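# Summary of structural features
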Amino acid sequence: MLTDYRGNYTVPVSIQFVQQQAVVAKLRPTTQAAPTVLQPGDIITTVDGEIVADWVKARQPIFPASNQPTQLRNMAGMLLRGNTPTVRLGIIRNGKASTLDVNRVSLSSLTPPTQTAATDSSHRFLRPDVGYLTLGRSVRKACPASCPSSVKPKAW
């Protein structure tokens, strides 16, 4: 019943909310041969014409959580689900807005997520100016040594 409501299809990407924006964190492998046109670092602004911030606000009452970051994490997995095999997304890539028709894949074609980062990795870059920190694995000296001094992320 919930699958019918949430949708039987999804875009094979992982989404994370960074500074209240839905950002493509990584691509997910599937058993279907349809690669997505999305790239890590893309900011999703609209889904089938609905502004992401409005989508989040409308669904907050049905996504219980003890705090907003947890609520957004839970919502991220549902943002791109639907009952149609394609979705129209508004995105920002490298500062430029565009609209893309993106293929969805059936939920059954997604392969289970795997650990892609090294177990000692405390961070990774979503794009050159946006990084993601895993605080539980952060080592104070790791970031300065591995981040070029010319890189000045605007969001961590």
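Values in this document were obtained by computation on a predicted structure and should not be read as measured data.

This part is about unusual backbone geometry. Look at D48: it is not a glycine, yet its phi comes out positive at around 50°. Inspection of the secondary structure puts D48 in the loop between strand 4 (43-47) and strand 5 (50-51). For D48, a relative accessible area of 47% translates into the label partly exposed. At N94, a position not held by glycine, the phi torsion is positive, near 50°. The residue N94 is located in the loop between strand 6 (86-93) and strand 7 (96-103) in this model.

This part takes up the confidence of the model for the protein. Per-residue confidence for the protein gives a mean pLDDT of 79; residues scoring 70 or more make up 66%. Averaged pLDDT values over the elements of the protein bottom out at 52 in helix 4 (residues 142-146) and peak at 97 in strand 4.

A separate point is helix 3 (residues 68-76). Three or more residues of helix 3 are buried, namely Q71, L72, M75 and A76. Here the buried residues of helix 3 occupy an arc of 135° about the axis, which is enough to place them on one side. Exposed residues on helix 3 whose side chains face more than 90 degrees from its buried face are P69 and R73. Contact partners of the buried residues in helix 3: strand 2 (13-18) and helix 2 (52-59).

Moving on, we come to the pattern of salt bridges. This model, assessed by the stated rule, comprises three salt bridges. A salt bridge links R88 to D101, with the shortest nitrogen-to-oxygen separation between them at 2.7 Å. Of the two residues, R88 is situated in strand 6 and D101 in strand 7; the sequence distance between them amounts to 13 residues.

Rules behind the numbers
- All residue numbers here refer to positions counted from 1 along the written sequence of the relevant chain.
- It should be noted that, the model being predicted, local features are given only for residues of pLDDT at least 70 and side-chain atom pairs only at 80 or more, the latter also being counted only at that level, while totals for whole chains, interfaces and linings use all residues.
- Hydrogens and water are ignored here; the side-chain numbers use all heavy atoms of the structure.
- Secondary structure follows DSSP: runs of H or I at least 4 residues long count as helices, runs of E at least 2 residues long count as strands, and numbering of each begins at the N terminus.
- The buried label goes to any residue with under 20% of its type's maximum accessible area, the exposed label to any with over 50%, and the partly exposed label to all in between, with areas taken from a 1.4 Å probe on protein chains only.
- A residue's pLDDT is the predictor's confidence in that residue, given on a scale from 0 to 100.
- As used here, the arc belongs to the directions running from the helix axis to the C-beta atoms.
- Any two residues whose heavy atoms approach within 4.5 Å are treated as being in contact.
- Basic side-chain nitrogens of Lys or Arg form a salt bridge, by our definition, when they fall within 4 Å of a carboxyl oxygen of Asp or Glu.

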